[in-house]
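Chain residues, written in single-letter form:
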Amino acid sequence: MTEEIVHIDEKSFTFSDAVVAVGGIDTSYCYQCGKCATGCPVAYEMDLTPTQLIHAIQLGLKDLVYNSKTMWLCAACQTCSTRCPQDVDIAEVLDTVKILMQRDKKKPQLPNVLKFNKRFMGNLKWFGRLYELGMIAMLKLSTRKFTQDMGMGMKMLKKRKFSIWPRFKGGWAVRKILRRVKKQEKA
Amino acid sequence: MKYAYYPGCSLHSTGQEFDKSLLAVCEKLGVELVELEKWVCCGSTAAHNLSKVAATALPMANLALMPKMGLDEVVVPCAECFSKLKIAQHNCKTDKKLKRDVVEAIHKDCNDDAKVIHPLSIFAEEPLISRIPALVEKNLSGLKVVCYYGCLLTRPPKITQFDIAEYPETMDNVLRATGITTLDWDHKTICCGASFALSKPDIVVNLSHKIIEDAKEVGADAIAVACPMCHANLDTRQDDMEKEYGVHPQMPVLYFTQLMGYSFGMTPEELLLDKHLTDVSSLIEKANAPVEEEASPEEEEATSFQFDGHH
Ligand code: SF4
Ligand code: SF4
């Protein structure tokens, strides 16, 4: 992060309040000890460490947060949340930011991660259980990375690791659940 | 002993070795697993990024199937599903509004009192832990194995309540009961990058490589895992590691249930050991080699005598 003057007023808190409202986590407990950043296995790829991202939320720097890659790189390993001395659930905060970004219709820095999540849920709506082969094909098509992982995929196919045909067990139940959730979220 | 069983999607597909070996081991131990009828996916790595209600509703829809079966304990072998079910229960218990939304979404009562159990926990406790040695038919004491627990069995500890989060021993204790030697190492609970298996494989290759390197450093013949996602990352990415780092790790990665089954005298075919991408034949050879005596009885006596002498 470069140094710059940050103006904080009441409006700044609307963002951290939104994180409390949607994710239920109050970032104001964080005293910036840095432990979450130290244990994060993916920090080496992040532009802001988890500690810095929490700080940015405290300061209400919404654009800085939304433009960061950090939450899209989080592997959800929960090391940070487990070790935080202030009991801040950092991993949940990162999920919350992702959910808020979609509500605000903001584009992620790593679109493929979001695409994966959406394909996954799309797949569930059809099949109820994950039809891995179908999902991989859809994902690779939509990200135009069809050849990436081809070698591994072929080997796995040969070993009959995937079921070739989807099973439709439970698809109907999942579709109903997700439809009701969507309705609630619109309300 | 009878439990409901939630296999989850992976165990019916890429992780079928885990399903098959778990069921075989349970049968030997006298544990009956009854699969939940009409179970659905728990939402896994994706749902929690998109909606908290959906991520809670999917696991709860599965737990809601249990009362009809008359069972209140469910065995969940996949660490990802285990964690998602536990987190959903916790969130329903602590967030009343969320619980209302979930009940509305699944059109069933929230079964947030169901006991969600990982098979390791039942194996590691009485009465099963004492039954294990008597079932061993193959002496595997020559094998050195590191136990990899990954992230989600132990974290977050206040929710999963599984062993000590930073340095768990449950899997070590279970495998030691079969006679296998398990080693101390640093990467028991360090993330392999699981949720990026498909969306950002470079992270997976890097993180999983570090885990395998550490296993090699301490002299492990194999890595034992309890999660199909950890297994996929550690087993199937070794070709990519060779491309990235120049050396093929050649590290067998097995489910702990496969090792248990092997010690119980089951064949590699029964346990689907040939399903793994990384060859396990070196391990099987080693397992079948005559066990070397490490120290003769006299020598052992001598050391214990010396130790006593210091008192
Ligand atoms: S570990 Fe907790 S208190 Fe420390 S910097 Fe991270 S969020 Fe803040
Ligand atoms: S949960 Fe995410 S942010 Fe926290 S340590 Fe793991 S990868 Fe890093």
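Note that the structure is predicted; figures quoted are calculated from it, not measured. (Residues numbered from 1 in each chain as written. Chains lettered and ligands numbered in written order. Predicted model: local features only at pLDDT ≥ 70, side-chain atom pairs only at ≥ 80, totals over all residues. Heavy atoms only, no water.)

Turning our attention to the overall build of chain A. Assigned secondary structure in chain A consists of 11 helices and zero strands. In chain A, the succession of helices and strands from N to C terminus is α-α-α-α-α-α-α-α-α-α-α. The buried share among the 187 residues of chain A stands at 47%. A total of about 10300 Å² of accessible surface is found on chain A, and carbon and sulfur atoms cover 57% of it. (Helix = DSSP H or I, 4+ residues; strand = E, 2+ residues; numbered from the N terminus. Buried < 20%, exposed > 50% of the residue type's maximum accessible area, 1.4 Å probe, protein only. Areas by Shrake-Rupley, 256 points an atom, 1.4 Å probe, with all protein chains shown as cover.)

Residue and element names in this part refer to chain B. Here the domain parsing of chain B yields domain 1 (2-117) and domain 2 (138-288). Taken together, the contacts link 23 residues of domain 1 with 23 residues of domain 2. Interface area for domain 1 against domain 2, summed over the two sides, is near 2100 Å², with a carbon-plus-sulfur share of 76%. Contact with domain 2 buries surface across domain 1, with Glu 17, Phe 18 and Val 25 losing the most and accounting together for 26% of the total. Inspection of the domain 1/domain 2 interface yields zero salt bridges. The interface formed by domain 1 and domain 2 holds two residue pairs in polar contact (both at pLDDT 80 or more) in total. Classifying every residue of the side of domain 1 that touches domain 2 gives 11 nonpolar, seven polar and five charged. (Domains from an automatic or database assignment. Contact = heavy atoms within 4.5 Å. Buried area = accessible area lost by both parts, 1.4 Å probe. Salt bridge = Lys/Arg side-chain N within 4 Å of Asp/Glu carboxyl O. Polar contact = N/O pair within 3.5 Å; in protein donor to acceptor, adjacent residues only side chain to side chain. Nonpolar A, V, L, I, M, F, W, Y, C, P; charged D, E, K, R; others polar.)

A contiguous patch of positive charge, built from Lys 176, Arg 179 and Lys 183 of chain A together with Lys 38, Lys 68 and Lys 108 of chain B, is present on the exposed surface. Tallying contributions element by element places helix α11 (residues 171-186) of chain A first for the positive patch, with three residues. One can find Arg 179 of chain A in helix α11. (Patch = residues over 30% accessible without salt bridge, like charges linked within 9 Å, V, L, I, M, F, W, Y side chains within 5 Å. Lys, Arg positive; Asp, Glu negative; His and termini not counted. Charge placed at Lys NZ, Arg CZ, Asp CG, Glu CD.)

The next point concerns the packing of helix α3 (residues 52-63) of chain B against helix α6 (residues 96-106) of chain B. Residue and element names in this part refer to chain B. Here α3 crosses α6 at 60°, and the two axes come no closer than 9 Å. One element, α3, and the other, α6, form an angle in the oblique class. The interaxial crossing formed by α3 with α6 has right-handed handedness. Contact residues: Lys 52, Val 53, Thr 56, Ala 57, Met 60 and Ala 61 in α3; Leu 98, Asp 101, Val 102, Ala 105 and Ile 106 in α6. (Axes fitted to C-alpha atoms, helices over the stretch in contact; angles between N-to-C directions. Parallel < 35°, antiparallel > 145°, perpendicular 65-115°, else oblique. Left-handed = near helix turned anticlockwise from the far one by under 90°.)

Residues and elements named next belong to chain B. The strand order across the open sheet formed by four strands is β2-β1-β3-β4, and the pairing between neighbours is parallel. Each of the sheet's edge strands pairs with one partner strand only, and the pair in question is β2 (32-35) and β4 (115-117). Adjacent strand axes in the sheet meet at a mean angle of 40°, parallel and antiparallel pairs treated alike. (Pairing = 2+ DSSP bridges.)

Turning our attention to the environment of Ala 215 of chain B. All names here are of chain B. Structurally, the position occupied by Ala 215 is in helix α11 (residues 201-217). Residue class for Ala 215 comes out buried when judged on its relative accessible area of 0%. Along the backbone, Ala 215 and Val 146 are 69 residues apart, and their C-alpha atoms lie at a distance of 6.6 Å. Non-local contacts of Ala 215, meaning those with residues more than four positions away in its chain, are made with Val 146, Trp 185, Ala 220, Ile 223 and Met 251.

Moving on to the site of ligand 1. Around ligand 1 sit Cys 30, Tyr 31, Gln 32, Cys 33, Gly 34, Lys 35, Cys 36, Thr 51, Cys 84, Pro 85 and Ile 90 of chain A, and those are all the residues in its vicinity. Its residues placed into classes, the shell around ligand 1 shows seven nonpolar, three polar and one charged. (Near = heavy atom within 4 Å.)

Helix length check: α11 of chain B (17 residues) gives 24 Å between terminal C-alpha atoms against 24 Å at 1.5 Å per residue, within 8%. Where burial is concerned, most of α11 of chain B is hidden: 12 out of the 17 residues are buried. Within the sequence span of α11 of chain B, burial applies to Pro 201, Ile 203, Val 204, Val 205, Asn 206, Leu 207, Ser 208, His 209, Ile 211, Ile 212, Asp 214 and Ala 215 of chain B. Turning to α11 of chain B, the residues buried within the fold contact α5 (70-73) of chain A together with β5 (144-148), β7 (222-225), α12 (228-236) and α13 (238-245) of chain B. Among the residues trailing α11 of chain B, Gly 219 of chain B stands out with phi positive, at a value near 90°. (Expected span 1.5 Å × (residues − 1).)

Residues and elements named next belong to chain B. Side chains of β7 alternate between two faces, with Ala 222 and Ala 224 and Ile 223 and Val 225 buried alike. As paired elements, β5 and β7 share four bridges and run parallel to each other. Within β7, the position partnered with Cys 147 by the bridge is Ala 224. In the sheet, β7 pairs with strand β8 (residues 253-255) via three bridges, with the strands oriented parallel. Looking across to β8, one finds that Ile 223 is bridged to Val 253.

Further remarks concern the state of the cysteines. Residues and elements named next belong to chain B. Applying the stated criterion across every chain, the model contains zero disulfides over all chains. The thiol sulfur of Cys 81 is not disulfide-bonded, and the nearest other cysteine sulfur, from Cys 78, lies at 3.6 Å. The thiol of Cys 147 is not disulfide-bonded; the next cysteine sulfur, from Cys 230, is found 12 Å away. (Disulfide = S-S within 2.5 Å.)

As for its position among the elements, Val 6 of chain A is in the segment before α1 (13-23). For the pair Val 6 of chain A and Thr 82 of chain A, spaced 76 residues apart in the sequence, the C-alpha separation amounts to 31 Å.

Attention shifts here to the sheet that holds strand β6 (residues 181-182) of chain B. Residue and element names in this part refer to chain B. The strand order across the open sheet formed by four strands is β6-β5-β7-β8, and the pairing between neighbours is parallel. Of all strands in the sheet, those with a lone pairing partner are β6 and β8, marking the two edges. Relative to β8, helix α14 (residues 256-263) is tilted by about 80°, and along the sheet it contacts β5, β7 and β8.

A few words now on the site of ligand 2. Residue and element names in this part refer to chain A. Surrounding ligand 2, one finds 13 residues, the nearest of these being Cys 40, Cys 74, Cys 77, Gln 78 and Cys 80. At the level of elements, α6 (79-83) and α7 (90-103) are the ones that each hand at least two residues to the shell around ligand 2. Class assignment of the residues belonging to the shell around ligand 2 gives a composition of 11 nonpolar, two polar and no charged.

With that out of the way, let us pick up the nonpolar core. Ranked by size, the top nonpolar core spans 146 residues in total, and within it Phe 123, Ile 223 and Met 260 of chain B carry the most contacts. If sequence neighbours within four positions are ignored, Ile 223 of chain B has contacts with Val 146, Tyr 148, Ile 212, Ala 215, Leu 234, Met 251, Pro 252, Val 253 and Leu 254 of chain B. (Core = buried A, V, L, I, M, F, W, Y, C linked by side-chain atoms within 4.5 Å.)

Right, let's get into unusual backbone geometry. Residue and element names in this part refer to chain B. In this model, Glu 126 is joined to Pro 127 through a cis peptide bond whose omega is 5°. Mapped onto the secondary structure, Pro 127 falls in the loop between α7 (119-123) and α8 (128-135). In this chain, Arg 155 is followed by Pro 156 through a cis amide linkage whose omega measures -15°. Looking at the secondary structure, you find Pro 156 in the loop between β5 and α9 (157-160). Positive phi is not limited to glycine here, since His 107 has a value of about 55°. At Gln 161, a position not held by glycine, the phi torsion is positive, near 45°. Considering the arrangement of structural elements, one finds Gln 161 in the loop between α9 and α10 (170-177).

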